[in-house]
Amino acid sequence: MLTIQIKKQLGTLAIETDIHLPEQGITALFGRSGSGKTSLINLIAGLLTPDGGSITIGNNRVFDSKQKINRPPEQRHIGYVFQDARLFPHLKVITNLNYGNKEKDPDQFKIITRLLGIEPLLQRYPASLSGGEKQRVAIGRALLSNPSMLLMDEPLASLDTPRKAELMPYLEQLTTEVNIPILYVSHSLDEILRLADQLILIDQGKIIANGPLAEVWSSPQMTPWQAEQDASVVLEAKLSHQHPDYAMTALALDNNLSLWTTRIDATEKTPVRLRIYAKDVSLVKQPSEQSSIRNILSMTVDSIEYSDSGDTCLVNLQAGRIQIKSSITRWAADELGLAKGQTIFAQIKGMSVTPKDRVPGL
Amino acid sequence: MLSEYEISALLLSLKVSGIAVLFSLPPGILLAWVLARYQFPGKSLLDSLIHLPLVLPPVVIGYLLLVSMGKQGIIGSALNQWFGWSFSFSWRGAALAAAIVAFPLLVKAIRLSLENIDIKYEQAARTLGANPLKVFFTISLPLTTPGILAGTVLAFARCIGEFGATITFVSNIPGETRTLPLAMFSFIETPGAEAEAARLCIIAIILALTSLLLADWLSKRVQQRFSH
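Residues numbered from 1 in each chain as written. Chains lettered and ligands numbered in written order. Predicted model: local features only at pLDDT ≥ 70, side-chain atom pairs only at ≥ 80, totals over all residues. Heavy atoms only, no water.

Identification of chain B as Molybdenum transport system permease from Amphritea balenae is taken from an unreviewed UniProt entry. In its Function (unreviewed entry) section, UniProt records this for chain B: "Part of the binding-protein-dependent transport system for molybdenum; probably responsible for the translocation of the substrate across the membrane." The UniProt entry for chain B carries the following text under Sequence similarities (unreviewed entry): "Belongs to the binding-protein-dependent transport system permease family. CysTW subfamily." (UniProt positions renumbered as here; feature names shortened; annotations may be inferred.)

As annotated in an unreviewed UniProt entry, chain A is Molybdenum ABC transporter ATP-binding protein ModC from Amphritea balenae.

Novice: Explain the overall build of chain B to me, using residue names and the numbers behind them.
Specialist: Of regular secondary structure, chain B possesses 11 helices and zero strands. When the helices and strands of chain B are read in sequence order from the N terminus, they spell out α-α-α-α-α-α-α-α-α-α-α. Counting every position in chain B, which comprises 228 residues, the buried fraction comes to 45%. Sequence separation of at least 24 residues holds for 70% of the intrachain contacts in chain B that already meet a minimum separation of 6. (Helix = DSSP H or I, 4+ residues; strand = E, 2+ residues; numbered from the N terminus. Buried < 20%, exposed > 50% of the residue type's maximum accessible area, 1.4 Å probe, protein only. Contact = heavy atoms within 4.5 Å.)

Novice: Describe the overall build of chain A, with residues and values.
Specialist: What chain A contains, in helices and strands, is eight helices and 21 strands. Computed over C-alpha atoms, the radius of gyration of chain A comes to 23 Å, within 12% of the 21 Å expected from 2.2 N^0.38 for 362 residues, which places it in the range of a compact globule. Overall, chain A is about 70 × 50 × 35 Å in size when its C-alpha atoms are taken along their principal axes. Long-range contacts, defined as pairs at least 24 residues apart, comprise 65% of the intrachain contacts of chain A with a sequence gap of at least 6. Roughly 16,600 Å² of accessible area belongs to chain A as shown, and the carbon and sulfur atoms make up 48% of that amount. Within chain A, the 39 negative side-chain charges are centred at a point lying 6 Å from the centre of the 38 positive side-chain charges. (Rg over C-alpha atoms; globule rule 2.2 N^0.38 Å. Areas by Shrake-Rupley, 256 points an atom, 1.4 Å probe, with all protein chains shown as cover. Lys, Arg positive; Asp, Glu negative; His and termini not counted. Charge placed at Lys NZ, Arg CZ, Asp CG, Glu CD.)

Novice: Describe in detail the pairing of strand E2 (residues 13-21) of chain A, supporting the description with residues and values.
Specialist: Residue and element names in this part refer to chain A. Where burial is concerned, the two faces of E2 differ: the one with Leu13, Ile15, Thr17, Ile19 and Leu21 is buried and the one with Ala14, Glu16, Asp18 and His20 is not. As paired elements, strand E1 (residues 2-10) and E2 share nine bridges and run antiparallel to each other. Note that in E2 the partner of Thr3 across the bridge is His20. As consecutive antiparallel partners, E1 and E2 are separated by two residues, and within that stretch Gly11 has a phi angle of approximately 60°, a positive value. (Pairing = 2+ DSSP bridges.)

Novice: Give me the lowdown on the packing of aromatic side chains, citing residues and values where you can.
Specialist: Residues and elements named next belong to chain B. Scanning the entire structure with this criterion turns up six aromatic pairs over all chains. Seen from their ring centres, Trp33 and Phe136 are 4.9 Å apart, and the 80° between their planes marks the pair as edge-to-face. Within this pair, whereas Trp33 is found in helix H1 (residues 4-37), its partner Phe136 is found in helix H7 (residues 132-143), the two being separated by 103 residues in sequence. The same class applies to Trp33 as to Phe136, namely buried. Of the aromatic side chains, those joined through ring pairs into one cluster are Trp33, Phe136 and Phe137. (Phe/Tyr/Trp six-rings, centres within 6.5 Å; stacked < 30°, edge-to-face > 60°.)

Novice: How would you explain the sheet that holds strand E21 (residues 352-355) of chain A if you had to name every residue and give the values?
Specialist: Residue and element names in this part refer to chain A. Across the sheet, which stays open at both edges, the five strands sit in the order E14-E13-E12-E15-E21 with antiparallel pairing between neighbours. Strands at the two margins of the open sheet, each flanked by one partner only, are strand E14 (258-262) and E21. Averaged over all pairs of adjacent strands, the angle between strand axes in this sheet comes to 40°, irrespective of strand direction. (Axes fitted to C-alpha atoms, helices over the stretch in contact; angles between N-to-C directions.)

Novice: If you had to explain the state of the cysteines to someone new, which residues and values would you point to?
Specialist: All names here are of chain B. Across all of its chains, the model carries zero disulfides over all chains by this definition. Here Cys159 is not disulfide-linked; the sulfur of Cys201 is the nearest cysteine sulfur, at 20 Å. A residue is classified by how much of its surface remains accessible, and Cys201, at 30% relative accessible area, is partly exposed. (Disulfide = S-S within 2.5 Å.)

Novice: I'd like to hear about the domain arrangement of chain A, residue by residue, with values.
Specialist: Residue and element names in this part refer to chain A. Assigned domains within chain A: domain 1 (2-211) and domain 2 (230-355). Taken over C-alpha atoms, the centre of domain 1 sits 35 Å from the centre of domain 2. Taken together, the contact pairs seven residues of domain 1 with four residues of domain 2. For the pair domain 1 and domain 2, the two sides together bury roughly 450 Å², of which 47% comes from carbon and sulfur. Our count for the contact surface shared by domain 1 and domain 2 stands at one salt bridge. Two residues, Asp190 and Arg275, come together in a salt bridge whose shortest N-O distance is 3.1 Å. Connecting domain 1 to domain 2 are three residue pairs in polar contact (both at pLDDT 80 or more). Of the residues forming the side of domain 1 that touches domain 2, the biggest block, four residues, is contributed by helix H6 (residues 189-195). Within the side of domain 1 that touches domain 2, the residues separate by chemical class into three nonpolar, no polar and four charged. (Domains from an automatic or database assignment. Buried area = accessible area lost by both parts, 1.4 Å probe. Salt bridge = Lys/Arg side-chain N within 4 Å of Asp/Glu carboxyl O. Polar contact = N/O pair within 3.5 Å; in protein donor to acceptor, adjacent residues only side chain to side chain. Nonpolar A, V, L, I, M, F, W, Y, C, P; charged D, E, K, R; others polar.)

Novice: Give a detailed account of the UniProt feature "transmembrane region" (unreviewed entry) in chain B, specifying residues and quantitative values.
Specialist: All names here are of chain B. Per the UniProt record, "transmembrane region" (unreviewed entry) is annotated on residues 12-36, 48-69, 89-114, 135-157 and 197-218. With 100% helix and 0% strand, residues 12-36 has its two end C-alpha atoms placed 34 Å apart. For residues 135-157, the helix share is 96%, the strand share is 0%, and the end-to-end C-alpha distance is 31 Å.

Novice: How would you explain the confidence of the model for chain B if you had to name every residue and give the values?
Specialist: Residue and element names in this part refer to chain B. Scored by pLDDT, chain B has a mean of 89; 98% of the residues are at 70 or more. When pLDDT is averaged over each helix and strand of chain B, the minimum, 83, is found for helix H4 (residues 74-83) and the maximum, 94, for helix H6 (residues 119-127). Two summary scores accompany this predicted model of the complex, namely pTM at 0.79 and ipTM at 0.78. (pLDDT = per-residue confidence, 0-100.)

Novice: Residues and numbers for the interface of chain B and chain A, please.
Specialist: Contact with chain B, which involves 22 residues of that partner, is made by 22 residues of chain A. Joining chain B to chain A, the criterion identifies two salt bridges. Here Arg126(B) ties to Glu74(A) by a salt bridge, and the two come within 2.5 Å at their closest N and O atoms. For the pair chain B and chain A, the interface holds seven residue pairs in polar contact (both at pLDDT 80 or more).

If you want it as structure tokens, here you go:
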């Protein structure tokens, strides 16, 4: 368990946190710029000193104002991937990678450099690398120092779109193969959706929501970040089976609900994450006998939120623990005579799917 | 090609300047580091003291050295008594005079370079498990190399040219303290030795030009490594 209970006044920003994180998996730290995301991870890394409180990583108490413990950064065993990579310009890639590597385990070196695809770069100097390559080397360098936790400060933020696309698969691979907790700072919801298990929302230095991603995603604290047309839900599911004739895959949700999606090449029971936009969900009172839409779920109306203009509304639907949102016009809502508790059929036109298979290793 | 007299003056100049710069480097880097990175009461005073030799007449420095480091001087007599070291009228005194006169140039160049290093590299090194000492020797110092090179060359050139403090402190003894400028001065003072003075003048120009070219080549090599 990681415990971060600290206070710090930085100019007008007062950071105050009480976070408990699991010892595995990726936690995304999300908030607008200036909300204190980077300051918070600098406090954890020891690059800033809290005014009070305590930080514990596993059994290792690295800061405690009462017991006067304040370990310097080099004794905290926390890897840090900076937004700007910060490779040492006077050292070759291989020397950069080994800077914090005390074990010098050749197998581990091979695994990490292969995982990040940086084997061909070892003899080069940082100045000759692209932005994406620099970030990969920086990640490798942090991992090779054998940290008990990894902090990543918007590693994609300084890259252009093609470079982001180039680095993303490495990050996805990394998140499934590294067995240490990762705290990932980002202000991109798409990145978070592809990588994170847990989500922490931070606003003006305070933690306003904290928990499993799907849960925080549908919490009211999240609404300000999702424009109405982008309203969506996130569902965790498992791969159930492949269609014998068509290139389709069935996914099992909780309480025996299942959804069809375009074929995913993965084994049964592979965990996947679905994002369903409210605009892709339409409602019907009776399921039509024949429809091009494959996914029709029987749900109960939980609540209806009208937009500020009053022309459209967001219908929150529920089936057991599964929640889905549907965005429809006010006219349609009136004609359907929607009311709380009513049973209705949700037709899901499309969804985006991310496999989340965790392979223990490294 | 060169007379024995000229070779002796040239070699002495190189020895005096080389030793002066070599011994100035560690304290120079240390003081540059302190001035670049720390705030403390009396910092301005320390900074001014270091820069004093730059603005004082060299003859004043020579006089002060004579009073303090000479055989009868307060520090000089103690050093002579305890260690048997003597600066007066020897090439070591010439090196000391040169070092003091060139010291501000050395510190200034290194300090500027240290101030230009982004502390973000040092922070990154700390998170990789390096203690401040390791960070200094593996990150800060190598990144300061261009500044150290520039400072070294500047200080070396200043040492080669040193005249006033040297002649005041250790006099003008052939083979011991008669460096290039002092040798040239002697020829100018001697009637009919204009040609010899001119030859030394050319040697001085060649020496200065060579060291500048060498410094330029070295710093280009360093820059290349940092930015391919």
